Each structure stands twice: as C-alpha cells, then as structure tokens.
Amino acid sequence: MIPVSHYIVVSLLLFTTGVIGVLTRRNVIIILMSIELILNAVNINLVAFSHYLGNLNGQIFAIFIITDAAAEAAVGLGIIIAFFRNRQTLQADEMDLLRW
Amino acid sequence: MMDQVLFYFFAGLAVLSGVLVVTVRNAVHSAVFLITSLLATAGLYLTLNAEFLFVVQIILYVGGIMVLFIFVIMLVNLDVALHQVQFNRQTWVAGLLSIVLLTELLAALALARSGGPGMQLLPAPAATAASLGGNTEQIGMLLFQNYVIPFELASILLLVALVGAVVMGKKRI
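As the structure is a prediction and not an experimental result, all values here were calculated from the model.

1. Examining the overall build of chain B
Summing up its helical and strand segments, chain B has 7 helices and 0 strands in all. Every one of the 173 residues in chain B was classed for burial, and the buried ones make up 24%.

So, in structure tokens, the structure goes:
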C-alpha cells in the first residue's frame, strides 16, 4: 500500500516542471504541452485522493479536466495555426501586438 | 511489493519524461516525451484502481490530443525556430521561483503529514476504493445521476471549442 503522499509528491514534481516550461520556453507549442503536464499533475492528485478516500467524485472531476484539456488543445492549436499563418513565427515573445 | 515496484517505475518515468518535455530542443521530441509521460500517468491511474480513467487517458490524451499536437507541429515548419534561442530572458528568475514554489508545496505536505496545528489534511483511508469494485459501472452511474448537468455543460463546451477551432483554422481571420 503506497501512501497518498507519494502520489502527491509525483504530482507536485510534474506540476512544477509544467510551470517551469510555461514560464521559460519561447515556443508556443511547448508552452501548450507544459499546460497539459500541469493538468495531468492535477489529475493525479484527484485520482489519488479519490482512491484513498474511497470516493469516486475525484475521478469524475478528472474526466471533466480531460474534457477541458481537449477543448483547450483544440482552440489553442487553432490559434497557433492562425498566428503562424499571419506572422510566420512561433516564439512567444514575438507575439507583442497588444503589448503596451 | 509488486505495486511498489510498479508505482516507482511509473512515477519515475512520468517525472523524467516530464522534465525532458520542458528541456529538450526539438518540439517533436518534446511531444514524444509528453506521450511517454501521459502513458506513465495512465499506469499510475491503474495502480490507483481507476481503470476507466486509464482507458480514457490513453484514448483521449495519447490518441486524441497528442495526435493533434504532432499534426500541428508537422503543419508549421519549425526548422527556423530550431536554431533560435529556446529559453526566454526570464529563465533564471522563473526557474528560481518555481523551485521556491516546489519547496513551499513540499513543506506544506510535510506539515500536513506531521499533523501540525489545524493541518489534519490526510485522514487514514477509511474505505479504500478497492472495496468498491466495478469502477466503470460506478463512474457511469455517478456521471449520469449526480453529474448529469456538468456532463451536458461539458458537451456544450466541446461544441464551442469545435466551432472555435474551425473559425481559427479559416483562411482569412
């Protein structure tokens, strides 16, 4: 029987990796992938608590999070394609059309 | 014993390939490592007796979302971006702050485990889900009884995302 804190530590490591990816990478596609990592870390947390509390509501929430991730990936990649068609770049710090 | 070996294998694989997703240079390699990480997470779900989520993770994440990612990576040519600088100027500050965040979260977890003042976060597992049995059946019952309105809202969300993706993919926007 693995204690729930082990799962939380794995989830925290994945979450921090995703945060580092979002904050430091320049490629927008990799930033989106890092967001997927973060959502995945949250899912691990939910499923671990769902198992250890004997309550399936956490798994339902994980299903909804996966749904949101799919919607977010579809729209985000659509935006990336539209942006690439207009500006011929994928670097996040060159997306400064609305910058002050 | 066996479940511990499986847990550490899947956890190590997930974290290692997660780190590689962020650090590797080529976006296609990054996507492949993300697939590995997601599959390892599916394995973690299996060690938690969440069989339905295991299958959903593989079909939806690996089979759906990641194919979309790789399709887009192939669609936009990244040959130019491959030779540019991959990390932005705030990298060191961001990395430092993320390490601080991780330390803080781990400290909170340690505090909760030690049962500090007002921190009884993790009660002993009263009834583990192993005794529930029939994971998919129970999720289906719960999803279509207690959570039927969020379920319908999720379908509307997917419809909106579908329309949004089509609009974004149009020739002139």
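More follows now that the structure is in view.
2. Some points on the overall build of chain A
Within chain A one finds 3 helices and 0 strands. Listed N to C, the secondary structure of chain A is α-α-α in terms of helices and strands. Relative to the 2.2 N^0.38 estimate, which gives 13 Å for 100 residues, the radius of gyration of chain A is 17 Å and therefore markedly larger than a compact globule would have. For the C-alpha atoms alone, the extent of chain A along its principal axes is close to 50 × 25 × 20 Å. Residue burial in chain A is summarised as follows: out of 100 residues, 57% are buried. Considering only contacts in chain A between residues 6 or more positions apart, those separated by 24 or more positions represent 46%.

3. Considering the interface of chain A and chain B
How big an interface is tends to be reported as the loss of accessible area on association of its parts. At the junction of the two partners, chain A supplies 58 residues and chain B supplies 74 residues. Of all the secondary structure elements, the ones that give two or more residues to the side of chain A that touches chain B are α1 (4-24), α2 (28-52) and α3 (57-87) of chain A. Ranked by the residues each element gives to the side of chain A that touches chain B, the list is headed by α3(A), at 20 residues. Partitioning the side of chain A that touches chain B into residue classes produces 38 nonpolar, 16 polar and 4 charged.

4. A look at the nonpolar core
The tendency in soluble globular proteins is for nonpolar side chains to be buried as a group. If you look at the biggest cluster of nonpolar residues, it comprises 66 residues, and the most contacted ones within it are I29(A), M33(A), V47(A), L53(B) and F69(B). Elements with a contribution of two residues or more to this core: α1, α2 and α3 of chain A together with α1 (2-23), α2 (27-47) and α3 (51-75) of chain B. Residue contacts for V47(A): discarding those within four places in its chain leaves G58(A), Q59(A), A62(A), Y45(B), L48(B), A50(B) and L53(B).

5. Here we look at the packing of α2(A) against α3(A)
All names here are of chain A. Contact geometry of α2 with α3 gives a least axis separation of 8 Å together with a crossing angle of 175°. By the angle class used here, α2 and α3 are roughly antiparallel. Across from V28, I29, L32, E36, L39, V42, N43, L46, V47, F49 and S50 in α2, the residues of α3 making contact are N57, G58, Q59, F61, A62, I65, A69, A73, G76 and I80. Its residues placed into classes, the contact of α2 with α3 shows 14 nonpolar, 6 polar and 1 charged.

6. Side note on the packing of α1(A) against helix α5 (residues 91-114) of chain B
Contact geometry of α1(A) with α5(B) gives a least axis separation of 9 Å together with a crossing angle of 165°. When the axes of α1(A) and α5(B) are compared, the pair comes out roughly antiparallel. By crossing handedness, the relation of α1(A) to α5(B) is classed as right-handed. Across from S5(A), I8(A), L12(A), T16(A), V19(A), I20(A), L23(A) and T24(A) in α1(A), the residues of α5(B) making contact are T91(B), A94(B), G95(B), S98(B), L101(B), L102(B), L105(B), L106(B), L109(B) and R113(B). By residue class, the composition of the contact of α1(A) with α5(B) is 11 nonpolar, 6 polar and 1 charged.

7. A closer look at the confidence of the model for chain A
Per-residue confidence for chain A averages 90 on the pLDDT scale, and 100% of its residues sit at or above 70. The secondary structure element of chain A with the lowest average pLDDT is α3(A), at 91, and the one with the highest is α2(A), at 93.

8. As for the environment of N146(B)
Along the chain, the position of N146(B) falls in the loop between α6 (135-145) and α7 (148-168). Between the C-alpha atoms of N146(B) and I73(B), which are 73 residues apart in sequence, the distance is 39 Å.

Thresholds applied
Residues numbered from 1 in each chain as written. Chains lettered and ligands numbered in written order. Predicted model: local features only at pLDDT ≥ 70, side-chain atom pairs only at ≥ 80, totals over all residues. Helix = DSSP H or I, 4+ residues; strand = E, 2+ residues; numbered from the N terminus. Buried ≥ 20, exposed ≤ 12 C-beta atoms within 10 Å, placed from the backbone. Rg over C-alpha atoms; globule rule 2.2 N^0.38 Å. Contact = placed C-beta atoms within 7 Å. Nonpolar A, V, L, I, M, F, W, Y, C, P; charged D, E, K, R; others polar. Core = buried A, V, L, I, M, F, W, Y, C linked by C-beta atoms within 7 Å. Axes fitted to C-alpha atoms, helices over the stretch in contact; angles between N-to-C directions. Parallel < 35°, antiparallel > 145°, perpendicular 65-115°, else oblique. Left-handed = near helix turned anticlockwise from the far one by under 90°. pLDDT = per-residue confidence, 0-100.

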